[in-house]
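# A closer look at the structure
Chain residues, written in single-letter form:
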Amino acid sequence: MDHHQFQCIHCGCKTEKLYHDYKAGITKVTNCKNCGNIVDKYVEYDSAIILLDVLLLQKQAYAHLLINVEVKSHWKFAVLLWVVEAFIKLIQQRSEHANSYPGEANYWLAGVELYLNYLGAAVELMSFLLCVVALLAIRSLFLTRSLNLLNTFLITKAILLSNLGSLLAMPALFWGKSCSPMFAWLGQAFVCLSSLQALRVVIDGPQKTCVAAIAVILGIWFQAVSSEALSSWLNGLLSPHPMPNFSS
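All values reported here derive from a predicted model rather than from experimental measurement.

Analysis parameters
Residues numbered from 1 in each chain as written. Predicted model: local features only at pLDDT ≥ 70, side-chain atom pairs only at ≥ 80, totals over all residues. Heavy atoms only, no water. Helix = DSSP H or I, 4+ residues; strand = E, 2+ residues; numbered from the N terminus. Buried < 20%, exposed > 50% of the residue type's maximum accessible area, 1.4 Å probe, protein only. Contact = heavy atoms within 4.5 Å. Expected span 1.5 Å × (residues − 1). Polar contact = N/O pair within 3.5 Å; in protein donor to acceptor, adjacent residues only side chain to side chain. Core = buried A, V, L, I, M, F, W, Y, C linked by side-chain atoms within 4.5 Å.

Let us look at the overall build of the chain. Counting secondary structure elements, the chain contains 7 helices and 4 strands. Counting from the amino terminus, the chain carries its helices and strands in the arrangement β-β-β-β-α-α-α-α-α-α-α. Across the 248 residues in the chain, those meeting the buried criterion constitute 40%. Taking as baseline every contact in the chain between residues at least 6 positions apart, the subset at least 24 positions apart corresponds to 62%.

Mapped onto the secondary structure, Val 216 falls in helix α7 (residues 208-237). It is 9.7 Å that separates the C-alpha atoms of Val 216 and Leu 129, two residues lying 87 residues apart in sequence.

On to helix α5 (residues 152-163). Taking 1.5 Å per residue as the helical rise, α5 with its 12 residues ought to reach 16 Å, and the 16 Å between its terminal C-alpha atoms agrees with that figure. The element α5 is largely enclosed, with a buried count of 9 among its 12 residues. Within α5, the full set of buried residues consists of Leu 154, Ile 155, Lys 157, Ala 158, Ile 159, Leu 160, Leu 161, Ser 162 and Asn 163. With a side-chain oxygen positioned 3.2 Å from the backbone nitrogen of Phe 153, the residue opening α5 is Asn 151.

Once that is clear, we can look at the nonpolar core. If you look at the biggest cluster of nonpolar residues, it comprises 34 residues, and the most contacted ones within it are Tyr 62, Leu 66, Ile 155, Leu 199 and Val 202. Of the residues forming this core, the biggest block, 7 residues, is contributed by helix α4 (residues 103-144). Each residue touching Tyr 62, except ones within four places of it in the same chain, is listed here: Val 54, Leu 57, Ile 67, Leu 161, Phe 190, Ser 194, Gln 197, Ala 198 and Val 201.

By the secondary structure assignment, Gln 223 is in helix α7. For Gln 223, a relative accessible area of 17% puts it in the buried group. A polar atom in the side chain of Gln 223 sits 3.1 Å from the backbone oxygen of Glu 124. Setting aside anything within four residues of it in sequence, one finds Gln 223 in contact with Glu 124, Leu 125, Ser 127 and Phe 128.

If you want it as structure tokens, here you go:
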């Protein structure tokens, strides 16, 4: 699937234009030749409405952002996710292990934990992405004996968009320790559902929902395994001052 080509957010049919631009500043949205619906109604919507539909897990909103909107600065989203995840982990660890380390050990850990959480957050995001890409690559090879059904650009874009749900846990940084686990859990639940919707949009071929669900489940499992392996390695490396678990 060519990510430069527009697509109907209802049926997925390819189209060349989202709207027709006439003279005197008059524009008219394009109707899909396949299903008859407006190709992409969100071209007329305010960004706040689009964001609301994304939060409501509307598949059409994901199709608009992933297929019909060109985002050039993906690295900015990746950095934002990286920083947010690291700070969320730090808040959780500080609330759970505030009294676990006396004196100098606690002071030393306070200066090191954030940097190690950056490492942990990067490993988790990359492990999830690599697992999903690997699974979809195997599926493409099995169905077509080629990688024609695999589009790593759109998959990466989908994973980054769905993981922006981690921002929902940001109130935990301001509302106290007791709220941190709850907001972190809600954020992770939203990320899982958002990942399912996003992958349903970008996956080509049959049984998209089933494949997307399997990809999300395996991605979460591999992410947890990678996080646990990193935590065990760091605990051994930093002994006799073991680090808290990096698992979400």
